[in-house]
Amino acid sequence: MILAFVLLSSMVVNAQSEKYAAAMQKDLDMFDSAKTTADFQGVAAAFERIGDAEKTQWLPYYYAGLALTMPGWTDTKLDKDANAERIKALCDKADALAKDNTDKSEILAIRNMAATQQMIVDPPTRWSTYGQEGAGYLSKAKQLNPNNPRLYYLEGAGIFGTPEQFGGGKTKAKPVLQKAVELFKADQPKPMYPRWGQKQAEEMLAQCQ
Amino acid sequence: MRKSIAAVIVLLIASQLYSQTIIQGKLRDNKGKPIPGASVSIKDSYDGTVADSLGSYKFSTTEKGDRSLIATNIGYKSFEQKITIGSTPVVVDIMLKEELSELKAVTVISGSFAAGDSKRAATVLNSIDVVTVGGGNADITAAVKTLPGAQQIGEQEGLFVRGGTGYETKQFIDGTLVNNPYFTSIPDLATRGRFSPFLFKGTVFSAGGYSALYGEALSSALILESIDLPERSAATLGVSPIILTGGFQDLAKNKKSSWGINYGYVNLIAYFNIVKQEPDYFKMPEFHNADANFRFKTKSGGMIKYYTTFSYSKLGLRRPDVDSGDLKDAFGLKNLNWYNNLSWRENLGRGWKMNLGMGYSTNTDNITQQLQDQNNQQLFPNAPWAFVKNYTIKSIQQLTQAKAVFEKKLFGISTIRFGSEYLYWVNNNEYNGSKSRLIDNFQSVFAETDIYVTNDLAAKIGGRFENSSVLNKSNIAPRISLAYKVGVGAQVSAAYGIFYQKPENTQLIYTTNLDYTKATHYILTYQKSTNDRIFRTEIFYKKYADLIKTEPINYYYSIYNNAGSGYAKGIEFFWRDKKSIKNFDYWISYSYLDTKREYLAYPEKLRPDFATPHTLSIVTKRFFTDIKTGFNFTYTYATGRPYYDFMYDGNGKYTIADRGTTKSFHNLGFSVNYVPSLGKTNPKLFWVLVGSVTNVLGYDFVYGYNYSFSGMNKEPIGPPAKRFYFIGAFFSWGVDRTQDAINNNL
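Per-chain numbering applies: the sequence of each chain, read as written, is numbered from 1 onward. Chains and ligands are labelled by the order in which they are written, letters from A for the one and numbers from 1 for the other. For this predicted model, a pLDDT threshold of at least 70 governs which residues receive local features, and a threshold of 80 or more governs which side-chain atom pairs are given and counted, while totals over whole chains, interfaces and linings are taken from all residues.

Visitor: How do you make sense of the overall build of chain A when you look at a structure like this?
Guide: For chain A, the helix and strand inventory stands at nine helices and zero strands. The numbering of helices and of strands both runs from the N terminus, where a helix is a DSSP run of H or I of at least 4 residues and a strand a run of E of at least 2. Secondary structure elements of chain A, listed N to C terminal, follow the sequence α-α-α-α-α-α-α-α-α. Two things to know: the radius of gyration comes from C-alpha atoms, and the globule rule equals 2.2 Å times the number of residues to the power 0.38. A compact globule built from 209 residues would reach a C-alpha radius of gyration of about 17 Å, and chain A, at 19 Å, matches this within 12%. Along the first, second and third principal axes, the C-alpha set of chain A runs to 75 × 35 × 30 Å. Taking all 209 residues of chain A together, the buried fraction comes to 42%. We call two residues in contact when their backbone-placed C-beta atoms lie within 7 Å. Here the analysis covers contacts within chain A between residues at least 6 apart in sequence; of these, 57% occur between residues at least 24 apart. Exposure in this text rests on C-beta crowding, where 20 or more other C-beta atoms within 10 Å of a residue's own make it buried, 12 or fewer make it exposed, and counts in between make it partly exposed. The C-beta atoms are placed from the backbone.

Okay, structure coming up:
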């Protein structure tokens, strides 16, 4: 009877984590096929529901934040400040549940994107606030995990997008993107862990050649 | 047994997995509008969805029994309802109530502003905006003159706003009144403001209807909010043929405190030798300016700031005398000014905030006026017009003040603010050796509240009580404004207020048997703004009462009373756009003004000599990143201003002996700034080369006319030279601590 109870509870736990994995996978697939702002907001809401129900997992909040960064690059009508505030709030939730420095460095990468999107609204006047904020997240993230390839991709993309007169440009972006691509090749993420950025880094590096 | 339990469990899970129930309904806000993207879910489950663009939601769940359905969206109060999930679809219509939030709520902008919130203030200029106004020569007042409501007055300092005199506009730094914001007046010349635009993070110009926190200004308030901590430690040097400056600013490593000192020396001898001036300067203008500051953050996130500036200047100039063909007026001035401002802003906890301000300033003017012959020897002709042309004045103006404002968050985001201020004025005046002294103990108590009815409707209601010992009179001034949001970034607002101001010291010195002057403002504003564009239009009506009037007793003597009155009305437009063209920022202001007043020697209601019906300003700024250079042009047009010659009729009245209108005013100002260190990451040296010229097109300005005592001769009043040129290089060697601070704060 005791054995039965143990078995039963372990089955429940197992079923629970399988259910979690299945739900995550379903939402990750939905993420891959999302196109519009509404799609990404739907994906973010789905991940957030998993996070709220699980209460101990940081990844759902992480992906919810990541999903909201997507329209932040492309949708010109989106209120970037409101979107960034939502992303940062999700990062706070994820950060409270993150297990180690590797997790925390991934979350800082999301924060960096949110701040960058706020900066892009009006670079001349916002550089000193949001530009510096974003750069701060990136350097902190590198301290926590110097081998996170996404950090170098984001740094390289930032330099790539800055005009040469302001200290940016392809030549300066190239070594950073090269480092990103190297790290991506060596990177072996755990299941469900962040693995995005390799393709983008390689494409951007190709443009620098 | 074991098997059967397992089987039951499997069955249970299977049934949970495969028996799904539909949950659906409509999701609306309290106005019945859909909220696309709002999230709906079963609490503590994965199941849920987001509302579509029509406000419908629908999802299926495997959950069973009594559960909670929750709905959330940013800016709305979350919704939760118990539902029982069986096998039949559940239909729940949801209404989300809007949350009152400072981010979404409308802010009253009609002539009012939230200090320290530069994102929201109505028309805000930051320091870079000010210094890059073409031909503005980095003077705050010159930049503000490109905004609607301000007149183009070139022959005296000050802001003449909506039919008001320069005296009717007051400047406030961190909440406290500035007694001598400009360098001392020189006849027929506009002097600069004393404060560098780089001291301030925001310059807010209110053309009327401002908050009950500010008094003693009949028309307008210029609210300057000083910067908190500098971004970096730096040593600075400025070099130009006119001015030499040097300074040092130290920011502590922990970014919690800073101190700094600056010194500047201005001498116009070289410049006046190259660019000929109309007046004959017998004492070349020379200025020593020094300032110092310290600022630190308190433990609970408050801020204490101290700023002091000291200046000493000398100048002397001669002009032909208007009454006599061959004589000259020689005007000499020595000025000593010391200004101190201490402010303390603190969060007291439990929704309480405190703002304390203290100030002390003293200003000494030594003025000599002489009538001189061709050999520059003083003369004392025995003629009626000559009696007032030989004099000496020694004037010392002191102001000591303290102001406290407390703020408390009430229900929701509504706020109440109240406080008190005390100003102690001492004016010592010595005219040809005869001394007089004027002391005023001025007190005020004020309160205002920001009430948010909804996110779309807000009201600001306040009032102030003032008492002046020199007038021995009190007043109560109510102020009300309302704002209603009419769309995204668009609002209509209205303001009403009564404003009082003491008569000028030069009048009170003769008689204190006077009352406050009074103005009542009515303003209606429409504004639409997005990140980089703003459109604003305002109509206003202003009623003046109890203005100071001069009643003549005889040819040499007159008295003052409060019999004056007047009105001003008009419409203004403002458009600023930083977005349409990359690296191009421009704004256009147009003001229409209809005003008449009877004051001073005006025998009847007349358009005052400082007012013109139409004023247009176009400010453009274009920065070319390839050549790291910015080009800034400012064009200003104003219709002519009236001028009058008032004469005593020998019978207790003034009459208009002559009148006219000046020709219209055109001014094209230009400035260029070259920033070679731009784009270098962490440059050790940052420097800027600045060049500027006023009146590029060489137009002849006529601001008005000076009349001779007899009225037979009139001389145009114009600038001392057609154009003013400036060239200078400004260097800054800095240690950037931004990175340290970010790392420490994370």
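Visitor: Explanation requested: the overall build of chain B in the structure shown.
Guide: A count of helical and extended segments in chain B gives six helices and 39 strands. Along the three orthogonal principal directions, the C-alpha set of chain B runs to about 130 × 60 × 45 Å. Out of the 746 residues in chain B, the part that is buried amounts to 34%.

Visitor: Is there a simple way to think about the pairing of strand β2 (residues 39–42) of chain B in this case?
Guide: In the case of a regular strand, side chains alternate between the two sheet surfaces. All names here are of chain B. A two-sided burial pattern is seen for β2, the buried positions comprising Ser39 and Ser41 on one face and Val40 and Ile42 on the other. Summarising the sheet, β2 and strand β3 (residues 48–50) pair through three bridges and their orientation is antiparallel. By the bridge assignment for β3, Ser39 is matched with Val50. In this structure, the hairpin formed by β2 and β3 is closed by a connection of five residues, where Asp44 is found at a positive phi of approximately 60 degrees. Note: two strands are recorded as paired if DSSP finds a minimum of 2 bridges between them.

Visitor: Is there a simple way to think about the nonpolar core in this case?
Guide: Across soluble globular proteins, you tend to see nonpolar side chains buried next to one another. Ranked by internal contacts, the top residues of the largest apolar core, which has 67 residues, are Tyr62, Ala67 and Ile110 of chain A together with Leu27 of chain B. Top element by residues in this core is helix α3 (residues 59–74) of chain A. It accounts for nine residues. For Ala67 of chain A, the contacting residues outside a window of four places in its chain are Phe31, Phe40, Val43, Ala44 and Phe47 of chain A. One nonpolar core equals one set of buried Ala, Val, Leu, Ile, Met, Phe, Trp, Tyr and Cys residues connected by C-beta atoms within 7 Å. Core analysis: the next-biggest nonpolar cluster, separate from the first, contains 56 residues, Ile153, Ala212, Leu218 and Ala519 of chain B among them.

Visitor: I would appreciate a short explanation of the sheet that holds β3 of chain B in the present structure.
Guide: The strands that make up a sheet are held in pairs by hydrogen bonds between backbone atoms, and each pair lies either parallel or antiparallel. The four strands are arranged β3-β2-β5-β6 (chain B) in an open sheet whose pairing can be described as antiparallel. Because the sheet does not close on itself, it has two edges, and the strands there are β3 and β6 (79–85) of chain B. Between one strand and the next, the sheet's axes are offset by a mean angle of 15 degrees, whatever the strand orientation. Against the sheet, helix α2 (residues 37–54) of chain A makes contact with β2 and β3 of chain B, and its axis sits at roughly 150 degrees relative to β3 of chain B, the strand it touches most. For every element, the axis is a line fit to its C-alpha atoms; helices are fit only across the contacting stretch, and the angle between N-to-C directions ranges from 0 to 180 degrees.

Visitor: For this particular structure, what's the right way to read the domain arrangement of chain B?
Guide: A common way to express how large an interface is: the accessible area buried when the components associate. Source of the domain bounds: an automatic or database domain assignment. What the domain assignment lists for chain B is domain 1 (19–96) and domain 2 (124–745). On a C-alpha basis, the centroid separation for the pair domain 1 of chain B and domain 2 of chain B is 58 Å.

Visitor: Mind showing me how you'd approach the packing of helix α5 (residues 101–120) of chain A against helix α7 (residues 149–161) of chain A here?
Guide: Two packed helices can be described by the angle between their axes and the distance between those axes. All names here are of chain A. Two numbers describe how α5 lies on α7: the axes approach to 10 Å, and their chain directions differ by 15 degrees. Regarding the angle of α5 to α7, the classification is roughly parallel. Considering how the two elements wind past one another, α5 and α7 form a crossing that is left-handed. Residues Ser105, Ala109, Asn112, Met113 and Thr116 of α5 form the contact with α7, whose participating residues are Arg150, Leu151, Leu154 and Gly158. Looking at the contact of α5 with α7 residue by residue, the class counts come to four nonpolar, four polar and one charged. Roughly parallel means an angle under 35 degrees; roughly antiparallel means over 145; roughly perpendicular covers 65 to 115; every other angle is labelled oblique. Note on convention: the crossing is left-handed when the near helix lies turned anticlockwise from the far helix by less than a right angle, right-handed when the turn is clockwise. For this scheme, ten residues count as nonpolar: Ala, Val, Leu, Ile, Met, Phe, Trp, Tyr, Cys and Pro. Four count as charged, namely Asp, Glu, Lys and Arg, and the remainder, Gly too, count as polar.

Visitor: I keep staring at the environment of Asp188 of chain B and nothing clicks. Help me out?
Guide: Residue and element names in this part refer to chain B. Mapped onto the elements of the fold, Asp188 is located in the loop between β11 (176–177) and β12 (200–206). For Asp188, a count of 21 C-beta atoms within 10 Å translates into the label buried. Taking C-alpha positions, Asp188 is 19 Å from Glu504, a pair spaced 316 residues apart along the chain. Excluding residues that lie within four positions of it along the chain, Asp188 makes contacts with Glu155 and Ile717.

Visitor: What exactly am I supposed to notice about α7 of chain A here?
Guide: The periodicity of an α-helix, 3.6 residues per turn, causes residues three or four positions apart to be oriented the same way. Residue and element names in this part refer to chain A. The span expected for a helix works out to 1.5 Å for each residue beyond the first. With 13 residues, α7 should cover 18 Å at 1.5 Å per step; its first-to-last C-alpha distance of 18 Å lies within 8% of that length. Within α7, ten of the 13 residues are buried, leaving the element largely enclosed by the surrounding structure. For α7, the full list of buried residues reads Pro149, Arg150, Leu151, Tyr152, Tyr153, Leu154, Glu155, Gly156, Ala157 and Ile159.

Visitor: Mind showing me how you'd approach the pairing of strand β37 (residues 704–707) of chain B here?
Guide: Residue and element names in this part refer to chain B. In the sheet, β37 pairs with strand β38 (residues 714–717) via four bridges, with the strands oriented antiparallel. Each residue of the ladder has a partner; that of Tyr705, found in β38, is Pro716. Connecting β37 to the next strand, β38, in antiparallel fashion are six residues, including Gly711 with a positive phi near 80 degrees.

Visitor: Where do I start with unusual backbone geometry in this structure?
Guide: Negative phi is the rule for most residues except glycine; trans is the rule for most peptide bonds. All names here are of chain B. A positive phi is found at Asp188, a non-glycine position, where the angle reads about 60 degrees. Within the chain, Glu216 stands out as a residue other than glycine whose phi angle is a positive 65 degrees. By the element assignment, Glu216 lies in the loop between β12 and β13 (220–226).

Visitor: Could you clarify how one ought to interpret α3 of chain A in this entry?
Guide: Here α3 of chain A contains 16 residues, and its C-alpha end-to-end distance of 24 Å stays within 8% of the 22 Å for a straight helix at 1.5 Å per residue. The element α3 of chain A is largely enclosed, with a buried count of 14 among its 16 residues.

Visitor: Is there a simple way to think about the confidence of the model for chain B in this case?
Guide: Atom-level detail of predicted coordinates should not be read off regions where pLDDT is low. All names here are of chain B. Note on scores: pLDDT gives the predictor's confidence for each residue, bounded by 0 and 100. Overall, the predicted model of chain B reaches an average pLDDT of 89, with 92% of residues at or above 70. In the predicted structure, residues 112–122 sits below a pLDDT of 50 and forms 25 contacts with residues beyond four places in sequence or in another chain. Contacts from residues 737–746, a stretch scored under 50 in pLDDT, to residues over four places away or in other chains number 16 contacts. Both scores are given for the predicted complex: the pTM is 0.81, the ipTM 0.80.

Visitor: Is there a simple way to explain the environment of Ile393 of chain B in this structure?
Guide: Residues and elements named next belong to chain B. Structurally, Ile393 can be placed in strand β21 (residues 391–409). According to the C-beta neighbour criterion, Ile393 is partly exposed, with 14 such atoms within 10 Å. Separated by 41 residues in the primary sequence, Ile393 and Ser434 place their C-alpha atoms 9.4 Å from one another. With near-sequence residues (within four places) excluded, Ile393 lies in contact with Asp365, Ile367, Glu430 and Tyr431.

Visitor: Quick question: what am I supposed to make of the packing of α3 of chain A against helix α4 (residues 80–97) of chain A here?
Guide: Residues and elements named next belong to chain A. At a minimum axis separation of 8 Å, α3 and α4 run at an interaxial angle of 165 degrees. Judged by the inter-axis angle, α3 sits roughly antiparallel to α4. With respect to the hand of their crossing, α3 and α4 are arranged in left-handed fashion. Counted together, Tyr61, Tyr62, Ala64, Gly65, Leu68, Thr69 and Gly72 of α3 and Lys80, Asn83, Arg86, Ile87, Leu90, Cys91, Lys93 and Ala94 of α4 form the full contact between these two elements. For the contact of α3 with α4, the class distribution of residues is eight nonpolar, four polar and three charged.

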